[in-house]
Amino acid sequence: MFPRDFAWGAGTSAYQIEGGWQADGKGPSIWDTFCHEKGGVFGNQNGDVTCNSYELWEKDLECIQQLGLTHYRLSLSWARLLPDGTTRNVNQKGVQYYNRVIDDLLACNVSPMVTLYHFDLPQAIQNLGGWKSPGVATLFDSYSKFCFQTFGDRVKLWITINEPHVCARLGHEVGIHAPGLKEKGTAAYLVGHNMLRAHAMAWHSYNSEYRATQKGAVSLALNSDWFEPLDPLRHEDVASAERDLAFTLGWFAWPVFITGDYPELMRSAIETQSKMMGYSGNWRLPRFSKEDPPILGTADFFALNYYTSRKVKSGGCCGQMLSMKRDLDAEEVLDPSWPISGMSWLAVVPHGLRKLLKYIKDVFNNPTIYITENGFAQVGPLQIEDVERCKFYRSTISEVVKAIEEDGVNVRGYFAWSLMDNFEWADGFSVRFGLFHVDFSGAELSRTIYRSGREYSKIISKYKSAQSGCQGFLDDDC
Ligand code: PNW
């Protein structure tokens, strides 16, 4: 059975839902700039208005209540609170907005899980070098302390940084996310490093200044696919799948959960490629400095964002330039038996989640795990009766049940992505992840529950009655 006090949530993030990009003194973020100036988003769309949650928060709250969520995961817009990124200049209207959201949630008996950073760096900090600059870690620490101080009396679950892997790689190596850099083979490692330093500083600040009084928990949200060898009997494929896990999850999870440093597999792979390209030594993947607070042990739980799985085979790379792809030296393929959701990268592989959970239990010392994101994308014509997504949630949640019951994994919560359709980064509004449909063509931006939303709320209410004794709540007769 699901543990007592299991968190049933759904998630969103500030830039994806709030709109109000210039409202009441908010400063610009790198996503405002990226959408307005770089032209890299589907249909030249942007998050200027999106779900307009800045003005329509009550509507979101109604959705949350209709689902019966116990938890809601949201992110704070750094530039809404601190328009130039520093605590020299606090935007009180921003503080009021989030105070209201948090108070309303608590009044409805819903616990907030708050992410401090979900891809939207204040543009003012980007102008100082952004995540490539070591000083950003100190600015993030000040911002974090400001948030703990301001909201921590009521918020007990904190995520410092969402998906450092995606920010580093898509934002600085591939260039399809803000700030749109394509500095292959170098910048992403530096950015990842500064994100880890920033996270660790914030965790230590919480630990020494706020934990005793606020009694909350702090982690960072790590995304990973499940990777398995294309041919499990081929040594090269097995090694490639291990390397892919090391480069995706291990990159951030090893330093935080097991060694205080990057996985050896990652260091040696990068060094090998550097040498092959005629550069000596391992200068691309930074070393942790003794002057920084230690990284090891800076997570009170494991926060996992899982979407899909990949088969991995050796080789497949690539050109005459340094790149992360070259360092990884592995090729990812889809198993033809896996159905595809609305997005080409998003194969539906619920059993991959169970395997990844077991892997995390075994490799990272059996941590408490929150699945902080998991979801299914729709594209194309409106389908309120989204049966495929219903199937997706049912089978995924039953894999979570197996991970808990049969594999003994300590899963403490599950957050569907997303509460409602929203601005899906480079894909703009062409892709819908919501449990609620949002009518982006109407001025009201009305929210309508999908069949999958009704399904999810049924699962939650069965859980709630199961807590009072009913067994097997995923069965219809419970
Ligand atoms: C996550 N990719 O991001 C984010 O945390 C969410 O904000 C987002 O809406 C969700 O996944 C769905 O995409 C990702 O291209 C964005 O591989 C892009 C990728 C992966 C994750």
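Remember, predicted model here, so these are calculated numbers, not experimental data.

Asker: Explain helix α3 (residues 53-67) to me, and be specific about the residues and the numbers.
Answerer: Helix length check: α3 (15 residues) gives 18 Å between terminal C-alpha atoms against 21 Å at 1.5 Å per residue, more than 12% under. Residue Lys59 marks the point of greatest curvature in α3, where the axis turns by about 40°. In the segment just after α3, Gly68 is the residue with positive phi, at about 75°.

Asker: Describe the packing of helix α14 (residues 387-405) against helix α15 (residues 451-466), with residues and values.
Answerer: Contact pair α14 / α15: the axes reach a minimum separation of 8 Å and the direction vectors enclose 25°. As the angle between them shows, α14 and α15 are arranged roughly parallel. Read as a crossing pair, α14 and α15 show a hand that is right-handed. Taking contact as the criterion, the partners of Val387, Arg389, Cys390, Tyr393, Arg394 and Ile397 in α14 are, on α15, Arg451, Ser452, Glu455, Tyr456 and Ile459. A class-by-class count of the residues in the contact of α14 with α15 yields six nonpolar, one polar and four charged.

Asker: Explain empty space enclosed by the protein residue by residue, including any values.
Answerer: Scanning all chains against the criterion turns up four cavities of 30 Å³ or more. Put simply, the largest cavity is a space of about 80 Å³. Taken together, 14 residues form the lining of the largest cavity, with Ile17, Glu18, Tyr72, Leu74 and Tyr97 sitting closest to its centre. Counting only elements with at least two residues in the lining of the largest cavity, the list comes to α1 (14-17), α3, β2 (71-75) and α5 (92-107). Here the residues of the lining of the largest cavity sort into eight nonpolar, four polar and two charged. Taken as a whole, the second largest cavity encloses approximately 60 Å³ of empty space. Lining the second largest cavity we find Ala14, Tyr15, Glu18, Gly19, Trp21, Lys26, Ser29, Asp32, Gly47, Ser77, Arg80 and Asp120. Residues of the lining of the second largest cavity, tallied by class, amount to three nonpolar, four polar and five charged.

Asker: Now, about the state of the cysteines: what can you tell me, with residues and values included?
Answerer: Taken as a whole and assessed by the stated rule, the structure comprises zero disulfides. Cys35 takes part in no disulfide bond, and the closest cysteine sulfur to it belongs to Cys51, at a distance of 14 Å. Judged by its relative accessible area of 5%, Cys35 is buried. Here Cys108 is not cross-linked by a disulfide; its sulfur's nearest cysteine counterpart is in Cys63, at 12 Å.

Reading the values: rules and limits
- Residues numbered from 1 in each chain as written.
- Predicted model: local features only at pLDDT ≥ 70, side-chain atom pairs only at ≥ 80, totals over all residues.
- Heavy atoms only, no water.
- Helix = DSSP H or I, 4+ residues; strand = E, 2+ residues; numbered from the N terminus.
- Expected span 1.5 Å × (residues − 1).
- Bend = angle between axes of the 7 residues up to and from the residue.
- Axes fitted to C-alpha atoms, helices over the stretch in contact; angles between N-to-C directions.
- Parallel < 35°, antiparallel > 145°, perpendicular 65-115°, else oblique.
- Left-handed = near helix turned anticlockwise from the far one by under 90°.
- Contact = heavy atoms within 4.5 Å.
- Nonpolar A, V, L, I, M, F, W, Y, C, P; charged D, E, K, R; others polar.
- 1 Å grid on protein atoms, 1.4 Å probe; cavity = no way out; pocket = protein on both sides within 12 Å on 5 of 7 lines; lining within 4 Å.
- Points joined across faces, edges and corners; volume = space filled by probe spheres on them.
- Disulfide = S-S within 2.5 Å.
- Buried < 20%, exposed > 50% of the residue type's maximum accessible area, 1.4 Å probe, protein only.

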